[in-house]
Amino acid sequence: MDRENLFERENFKALIKDDKIGRIEDRMKIIDAFLSTEEHVTLGEMLQILKEKGLNYEPEFVRECMNRWVELGFAQKKVFEGQPPRYEHRHLGKHHDHLICTKCGRIIEFSNKDMEQLQLRIASQHGFHMLQHKMEIYGICDQCMAKREPVLPLAMVKTGEKVAVKSIMGGKSMRIRLKEMGIKPGTNLEVINNDGPGRIIIGIGATRYALGRGISQKIMVSLIN
Ligand SMILES: [Zn+2]
Ligand SMILES: [Zn+2]
Ligand SMILES: [Zn+2]
């Protein structure tokens with residue numbers, strides 16, 4: 001256990017001595033297990049960590065312990081969208097924010113001085129005295145992005161291939177024009193002819209359309225097997 005965690009452990013022990021609650025030794029074992037991980041853990045994950053150490057405590061006891069830990073300011077309970085509550089260390093004087101992957105649930109920590117300053121400035125511009133905040137950025141992590149199907153411009157699709165439209169990079173008028181042809185994110189289409197340097201012939205349902213090279217560079221698609 002590093003010095004910071006060790007210090008907090010002893011600090012906690014001193015505080016709960018006055019609580020006059022029983023099972024101090026068991027509580028300290030739970031705290032040790034919590035301090036042994038740097039992850040954001042759910043109650044279920046805490047029970048699992050304890051189990052791996054050969055400790056089988058009732059979930060209610062562990063929950064009560066964790067909540068006391070939060071009350072005393074040694075841990076923070078966080079609820080990220082779409083996830084069960086999680087506990088994480090709270091080291092005084094240190095602050096960080098989170099990136100949350102909505103695909104795999106991965107949580108990445110970051111801290112950025114400029115962002116912190118900006119938030120204070122925004123608050124004060126509104127005559128608002130900021131006490132705390134949470135900055136959570138939801139999206140897709142690099143690992144999940146790497147596993148995603150590759151997206152390419154329609155202009156690069158070979159004759160005879162079937163693709164799904166993922167996005168349109170052009171401006172509003174182009175999007176409207178394409179939408180009139182039925183080309184929008186989610187549309188499946190077939191490349192009828194992309195052999196020459198001229199226009200690309202595509203089929204949507206039973207209808208064929210001719211698209212210029214420029215436009216077809218801006219329609220991002222993924223291949224359908
Ligand atoms: Zn922050
Ligand atoms: Zn992910
Ligand atoms: Zn965190």
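Scoring rules and cut-offs
Residues numbered from 1 in each chain as written. Chains lettered and ligands numbered in written order. Predicted model: local features only at pLDDT ≥ 70, side-chain atom pairs only at ≥ 80, totals over all residues. Heavy atoms only, no water. Donors = N, O, S within 2.8 Å, 3.2 Å for Na, K, Ca; no water. Helix = DSSP H or I, 4+ residues; strand = E, 2+ residues; numbered from the N terminus. Tetrahedral: all angles 85-135°; square planar, octahedral: opposite > 155°, others 65-115°. Buried < 20%, exposed > 50% of the residue type's maximum accessible area, 1.4 Å probe, protein only. 1 Å grid on protein atoms, 1.4 Å probe; cavity = no way out; pocket = protein on both sides within 12 Å on 5 of 7 lines; lining within 4 Å. Points joined across faces, edges and corners; volume = space filled by probe spheres on them. Nonpolar A, V, L, I, M, F, W, Y, C, P; charged D, E, K, R; others polar. Domains from an automatic or database assignment. Core = buried A, V, L, I, M, F, W, Y, C linked by side-chain atoms within 4.5 Å.

1. Considerations on the coordination of the zinc ion (ligand 1)
- Protein-derived ligands of the zinc ion (ligand 1) are His 95 (NE2), Asp 97 (OD), Asp 97 (OD), Glu 116 (OE) and His 133 (NE2), with the metal-ligand distances lying across 1.9 to 2.8 Å.
- In primary sequence terms, the donor set of the zinc ion (ligand 1) follows H-x1-D-x18-E-x16-H. Linking Glu 116 in helix α5 (residues 113-125) with His 133 in the loop between α5 and β5 (136-139), this pair joins segments that are 17 residues apart in sequence.

2. Quick notes on the coordination of the zinc ion (ligand 2)
- Coordination sphere of the zinc ion (ligand 2), protein contribution only: Cys 101 (SG), Cys 104 (SG), Cys 141 (SG) and Cys 144 (SG), at 2.3 Å.
- Each of the four donor atoms bound to the zinc ion (ligand 2) contributes to angles spanning 106 to 114°, and the resulting shape is tetrahedral.
- Sequence spacing of the donor residues for the zinc ion (ligand 2), all on one chain, is C-x2-C-x36-C-x2-C. Of this pair, Cys 101 sits in strand β3 (residues 97-101) while Cys 141 is found in the loop between β5 and α6 (142-147), placing the two residues 40 residues apart along the sequence. Per residue, the accessibility class of Cys 101 equals that of Cys 141, and both read buried.

3. Digging into the layout of surface pockets
- Approximately 700 Å³ is the volume found for the largest pocket.
- Together, 29 residues line the largest pocket, and Gln 76, Lys 78, Glu 88, Arg 90 and His 95 are the ones closest to its centre.
- Mapped by element, the contributors of at least two residues to the lining of the largest pocket are β1 (75-78), β2 (86-89) and β3.
- Class assignment for the residues of the lining of the largest pocket results in seven nonpolar, eleven polar and eleven charged.
- Each of domain 1 (3-89) and domain 2 (97-147) contributes no fewer than three residues to the lining of the largest pocket.

4. What to know about the nonpolar core
- Of all hydrophobic cores here, the largest spans 23 residues; its most connected members are Ile 30, Phe 34, Met 46, Leu 50, Val 62, Met 66 and Trp 69.
- Looking at this core, the elements with two or more residues in it are α1 (3-17), α2 (24-35), α3 (43-52) and α4 (59-71).
- If you look at the next biggest cluster of nonpolar residues, it comprises 20 residues, including Val 165, Ile 202, Ile 215 and Val 221.

Shape descriptors only; they carry no functional weight alone.
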